[in-house]
Amino acid sequence: MPPQPASPVDPEALRRTLASFPTGIVLVTAQDYDGAPVGMLANSFTSVSLDPPLVSLAFANSSSTWPRLRDASLLRVSVLGTEHHALVSQLAGPTAQRFVGLECALRSEDAALLGSPATLSAAPERIIEAGDHDLALLRVLEVEQDREIDPLVFYARRLHRLAT
């Protein structure tokens, strides 16, 4: 049996502690039932395996966007670049407003974010229930990279640019 904590871990203390770990931030998108883009920001993106090519993302069970992404046969994972800093508040906002006026920032054929340092096309491989989140394993089908664009970094609950 795994060790049990002396007292429950305070969720806010855990959130503050985990904020000391810098991560990238991605926009996960798909085409919705009507062909419009649907998507959300995530900072839980990580590499899982090179053979087979797998990545993972964690989505809150309370998300209204996750069920629509989960049902998609193909997802785009776009790493946010420094030029996307101004888009973050809108993309993190209410579902119905996320993509309003952003048509010029998305590829029309697949809703990938233009100007990303990296974009992956991926298919859902397996969903694992993990507490108050679902852990989505995604099979990578295609990758694109632009080494000229620097990524945004999420650290201490804020976005940062890399010092180069």
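Please refer to the structure higher up on the page.
Residues numbered from 1 in each chain as written. Predicted model: local features only at pLDDT ≥ 70, side-chain atom pairs only at ≥ 80, totals over all residues. Heavy atoms only, no water.

A. Focus on the pattern of salt bridges. In total, this model carries eight salt bridges according to the counting rule given. Residue Arg-157 is joined to Glu-12 by a salt bridge in which the shortest nitrogen-to-oxygen separation is 2.5 Å. One end of the pair, Arg-157, is in the loop between β9 (152-155) and β10 (158-161); the other, Glu-12, is in helix α1 (residues 11-18), and 145 residues separate them in sequence. When its relative accessible area of 31% is taken as the criterion, Glu-12 is described as partly exposed. As a salt-bridge pair, Asp-110 and Arg-76 come within 2.8 Å of each other at their nearest N and O atoms. (Salt bridge = Lys/Arg side-chain N within 4 Å of Asp/Glu carboxyl O. Helix = DSSP H or I, 4+ residues; strand = E, 2+ residues; numbered from the N terminus. Buried < 20%, exposed > 50% of the residue type's maximum accessible area, 1.4 Å probe, protein only.)

B. The arrangement of the layout of surface pockets in detail. There is about 1,200 Å³ of room inside the largest pocket. For the lining of the largest pocket, the elements supplying multiple residues, two or more each, are α1, β1 (23-24), β3 (37-42), β5 (53-60), α3 (88-91) and β9. Here the element with the most residues in the lining of the largest pocket is α1; it accounts for four residues. Residue composition of the lining of the largest pocket, grouped by class: 21 nonpolar, seven polar and four charged. Its volume calculated, the second largest pocket comes out at about 180 Å³. Looking at the second largest pocket, it is lined by 13 residues, and the ones nearest its centre are Ala-30, Gln-31, Ala-72, Ser-73 and Leu-74. A breakdown of the residues in the lining of the second largest pocket according to their chemical character gives five nonpolar, two polar and six charged. (1 Å grid on protein atoms, 1.4 Å probe; cavity = no way out; pocket = protein on both sides within 12 Å on 5 of 7 lines; lining within 4 Å. Points joined across faces, edges and corners; volume = space filled by probe spheres on them. Nonpolar A, V, L, I, M, F, W, Y, C, P; charged D, E, K, R; others polar.)

C. Up close: the environment of Leu-18. As for its placement among the helices and strands, Leu-18 is situated in helix α1. Taking the C-alpha atoms as reference, Leu-18 lies 8.4 Å from Ala-156; in sequence the two are 138 residues apart.

D. Region of the structure containing the packing of aromatic side chains. Scanning the model with the defined rule gives one aromatic pair in all. Plain terms: the ring middles of Phe-59 and Trp-66 are 4.1 Å apart, the flat faces sit at 5° to each other, and that makes the pair stacked. Judged by its relative accessible area of 1%, Phe-59 falls in the buried class. (Phe/Tyr/Trp six-rings, centres within 6.5 Å; stacked < 30°, edge-to-face > 60°.)

E. Main features of the sheet that holds β9. The strand order across the open sheet built from three strands is β1-β9-β10, with neighbouring strands paired in antiparallel fashion. This sheet does not close on itself; its edge strands, each paired only once, are β1 and β10. Of the strand pairs in this sheet, β9 and β10 are connected by four bridges, and their pairing is antiparallel. Within β10, the position partnered with Tyr-155 by the bridge is Arg-158. (Pairing = 2+ DSSP bridges.)

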